[in-house]
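# Fold and geometry: a report
Single-letter residue listing:
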Amino acid sequence: MRSVNDVEAYLAKMNRQFDAVDDQPGTFLVHTSSNMPPMALRVDPPLVVMRVHVADAKKEAVDDAKLFERLLTINAKSLVHTSFGLEDGKVVLTSALELENLDYNELQATIDEIDMTLAQHIPQLAELSKA
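Predicted model, so just to flag it, every value in this text is computed and none were measured.

Quick notes on the rules
Residues numbered from 1 in each chain as written. Predicted model: local features only at pLDDT ≥ 70, side-chain atom pairs only at ≥ 80, totals over all residues. Heavy atoms only, no water. Salt bridge = Lys/Arg side-chain N within 4 Å of Asp/Glu carboxyl O. Helix = DSSP H or I, 4+ residues; strand = E, 2+ residues; numbered from the N terminus. Buried < 20%, exposed > 50% of the residue type's maximum accessible area, 1.4 Å probe, protein only. Pairing = 2+ DSSP bridges. Axes fitted to C-alpha atoms, helices over the stretch in contact; angles between N-to-C directions. Contact = heavy atoms within 4.5 Å.

### Examining the pattern of salt bridges
- In this structure the tally under the stated criterion is four salt bridges.
- As a salt-bridge pair, aspartate 112 and arginine 16 come within 3.7 Å of each other at their nearest N and O atoms. Taken together, the positions of aspartate 112 in helix α3 (residues 104–130) and arginine 16 in the loop between α1 (4–13) and β1 (18–20) put the pair 96 residues apart, joining distant regions of the chain.
- The class of aspartate 112 is partly exposed, set by a relative accessible area of 34%.
- Across the pair arginine 51 and glutamate 87 runs a salt bridge whose closest N-O atoms are separated by 2.8 Å. Pair noted here: arginine 51 is in strand β4 (residues 47–56) and glutamate 87 is in strand β5 (residues 83–87), with a separation of 36 residues, a long-range link.
- Judged by relative accessible area, which is 34%, glutamate 87 ranks as partly exposed.

Here it is, written out as structure tokens:
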């Protein structure tokens, strides 16, 4: 069975910059590209959960119809390991993987998808969330 040490070793093998969150064992902030938000990665058996805060969603859901439509379209057409969702008024990009049989390639593919999604879609989503 995999552990937090395995996940940490995988991140190091990927040459990813990451910092442990002091007051939350098994939680790391993984740095993405320089102008993108960091990814929170939490090893919480039986899962490894990754989450990135992408944008704030406005309170008026009717005004967010274009934003929500775009998020659902990206989920359906582009994403395999991750998905966009809403949590506490925030747009988040999330993924969850099984810790028990987690392998390096699976974690790398998921993190790479997060990087690509942030690079490709953040500017447009940021504009839609402000509109």
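There is more to say after this.
### Comments concerning the sheet that holds strand β6 (residues 90–98)
- Spatially, six strands are ordered β1-β2-β3-β4-β6-β5 in an open sheet, and the strand pairing comes out antiparallel. Sheet topology places β1 and β5 at the edges, where each strand pairs with a single neighbour. Ignoring which end each strand starts from, the neighbouring axes of this sheet average 30° apart.
- α1 contacts β1, β2 (27–30), β3 (39–44) and β4 of the sheet and is inclined by roughly 150° relative to β3.
- Across the sheet, helix α2 (residues 65–77) touches β5 and β6, and the angle it forms with β5 is around 145°.

None of this, on its own, says anything about what the molecule does.
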